[in-house]
Amino acid sequence: MPGGKHILGKGKAPRIFGTAKVGDRGQIVIPKEAREFFGIAPGDTLLILGKTETGLIVTRPDALNDLATKIFNSVDNED
């Protein structure tokens, strides 16, 4: 399995997979190495989050399941 280009040579450090150019229709192509590394296949749904100060985050929706569960549990406990 490809490992991306390690930043500072650290095994678990963030990886740089390249760049993505925005096309005329606002679409980007996720680099092949990144798709393979994260198991992203055609038809998969990705969640796009953003903050002016830090930029965009592209992740799988299920990556936030634990956070959502904690939030809902804390709200339920306040009632």
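These figures come from a predicted structure and were not determined experimentally.

J.: I'd like a rundown of the pairing of strand β4 (residues 55-59), residues and numbers included.
T.: In this structure, strand β3 (residues 47-51) lies alongside β4, joined through 5 bridges in antiparallel fashion. Looking across to β4, one finds that L47 is bridged to T59. Turn length for the β3-β4 hairpin, with the two strands adjacent in sequence and antiparallel, is 3 residues.

J.: An account of the environment of A20 is needed here, citing residue identities and associated values.
T.: Structurally, the position occupied by A20 is in the loop between β2 (15-16) and α1 (32-38). You can call A20 partly exposed: its relative accessible area is 38%. Along the sequence, A20 and I30 sit 10 residues apart, while their C-alpha atoms lie 6.4 Å from each other. Non-local contacts of A20, meaning those with residues more than four positions away in its chain, are made with I28 and V29.

J.: Tell me what's going on with the pattern of salt bridges, and back it up with residues and numbers.
T.: In this structure the tally under the stated criterion is 2 salt bridges. Across the pair E36 and K32 runs a salt bridge whose closest N-O atoms are separated by 3.8 Å. Placement of the pair is E36 and K32 together in helix α1, with a separation of 4 residues, close to one helical turn. Of the charged contacts, one joins R60 and D44 as a salt bridge, the two residues approaching to 3.6 Å between their closest N and O atoms.

J.: Go over the packing of aromatic side chains with me, naming the residues and quoting the values.
T.: Applying the stated criterion across every chain yields a total of 3 aromatic pairs. Aromatic side chains F17 and F38 sit 5.8 Å apart centroid to centroid with 70 degrees between the ring planes, which places their arrangement in the edge-to-face category. Taken together, the residues F17 in the loop between β2 and α1 and F38 in helix α1 connect sequence positions 21 residues apart. Its relative accessible area of 16% is what places F17 among the buried residues. Ring centres of F37 and F38 lie 4.9 Å apart, and the angle between their planes is 80 degrees; on these two criteria the pair is classed as edge-to-face. The exposure class of F37 is partly exposed, given its relative accessible area of 22%. Put simply, the rings of F17, F37 and F38 pair up and form one aromatic cluster.

Analysis parameters
- Residues numbered from 1 in each chain as written.
- Predicted model: local features only at pLDDT ≥ 70, side-chain atom pairs only at ≥ 80, totals over all residues.
- Heavy atoms only, no water.
- Pairing = 2+ DSSP bridges.
- Helix = DSSP H or I, 4+ residues; strand = E, 2+ residues; numbered from the N terminus.
- Buried < 20%, exposed > 50% of the residue type's maximum accessible area, 1.4 Å probe, protein only.
- Contact = heavy atoms within 4.5 Å.
- Salt bridge = Lys/Arg side-chain N within 4 Å of Asp/Glu carboxyl O.
- Phe/Tyr/Trp six-rings, centres within 6.5 Å; stacked < 30°, edge-to-face > 60°.

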